[in-house]
Amino acid sequence: MHPLDDPCPPQPSALEKIWHTLEQVPYGRVVTYGQLADLAGQPGRARLAARALKLAPTERSLPWYRVIGAGGKITIPKTSPGYQRQIEHLRNEGVTVNQGRVKMSEYQWQPDLAELLWQLDY
DNA sequence: CTCGTGACTGCTT
DNA sequence: GAAGCAGCCACGA
């Protein structure tokens, strides 16, 4: 092997990991920014998850609206058009939204072991 | 390099 | 509940 050859294959970027994990979130369920980051192998980096959503390529049509703030609160600024759009998307999937809040005990996604292992294979 | 800015969180008033 | 704040971290000015 040439000494300058990269001995390691290219790693998926943190953003890619976030997007990939987001794709696993099932219809009608939600995750928090922090949870999404954790599941993507980026513990404690909730703001990274938020940024990943904002930068997500539209052609990938990710379920960005299934990501909400800790405690079930919609954290998109109310002044943003995305705020209402997120609520509409969630309601279309049967998720109840009251006062900009989602009942986490009812809708939060909790991946089982098989799903986690599937993702590790990525 | 420093600073301000978030689609964040958790803790304290 | 609401508001403030420190910790957080990538980004751009």
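Just so you know, these numbers come straight off a predicted model, no measurement behind them.

Colleague: Is there a simple way to explain helix H3 (residues 46–55) in this structure?
Modeller: The periodicity of an α-helix, 3.6 residues per turn, causes residues three or four positions apart to be oriented the same way. What H3 keeps buried is the set Leu 48, Ala 49, Ala 52 and Leu 53. Axial view of H3: buried residues confined to an arc of 140°, hence all on one face. Among the exposed residues of H3, those oriented more than 90 degrees off its buried face are Arg 47 and Lys 54. Those residues of H3 hidden inside the fold are in contact with helix H1 (14–22), helix H2 (33–39) and strand S2 (67–68).

Colleague: Help me out: how do you make sense of the protein's contact with DNA strand C in this one?
Modeller: Every residue close to DNA strand C is listed here: Arg 45, Arg 47 and Arg 51. A share of 86% of the atoms of DNA strand C within 4 Å of the protein falls on sugar and phosphate groups. One of the side-chain N or O atoms of Arg 45 is found 2.5 Å from a phosphate oxygen in DNA strand C. Between DNA strand C and Arg 51 there is a distance of 2.8 Å, counted from a sugar or linking oxygen to a side-chain nitrogen or oxygen.

Colleague: Teacher, can you tell me more about the protein's contact with DNA strand B here?
Modeller: Around DNA strand B sit 14 residues in total, of which Tyr 33, Gly 34, Arg 47, Lys 54 and Ala 70 are the nearest. One of the backbone N or O atoms of Gly 34 is found 2.9 Å from a phosphate oxygen in DNA strand B. Within the side chain of Lys 54, one N or O atom sits 2.6 Å away from a phosphate oxygen of DNA strand B. Taken together, the elements giving at least two residues each to the surface near DNA strand B come down to H2 and H3. Sort the elements by how many residues they give to the surface near DNA strand B and H3 lands first, with five residues. Grouping the constituent residues of the surface near DNA strand B by class yields eight nonpolar, four polar and two charged.

Calculation notes
Chains are numbered independently. Their residues run from 1 in the order of the written sequence. Both sets of labels track the order of writing: A upward for chains, 1 upward for ligands. Per-residue local features of the predicted model are confined to residues with pLDDT of at least 70, and side-chain atom pairs are confined, for both listing and counting, to 80 or more; whole-chain, interface and lining totals are unaffected and use all residues. Hydrogens are left out, water is left out, and the side-chain values use all remaining heavy atoms of the structure. Burial status follows relative accessibility: with a 1.4 Å probe on protein chains alone, a residue under 20% of its type maximum counts as buried, one over 50% as exposed, and anything between as partly exposed. Starting at the N terminus, helices and strands are each numbered in turn, a helix being any DSSP run of H or I of at least four residues and a strand any DSSP run of E of at least two. Read the arc as the range of directions from the helix axis to the C-beta atoms. We call two residues contacting when some pair of their heavy atoms lies within 4.5 Å. Put simply, a residue is near a molecule or strand once any heavy atom of it comes within 4 Å of that molecule or strand. Pairs of N or O atoms are called polar contacts if they sit within 3.5 Å, as long as, within protein, a hydrogen donor faces a hydrogen acceptor (for residues adjacent in sequence, only side-chain-to-side-chain pairs). Here the nonpolar group is Ala, Val, Leu, Ile, Met, Phe, Trp, Tyr, Cys and Pro; Asp, Glu, Lys and Arg are the charged ones; every other residue, Gly included, is treated as polar.

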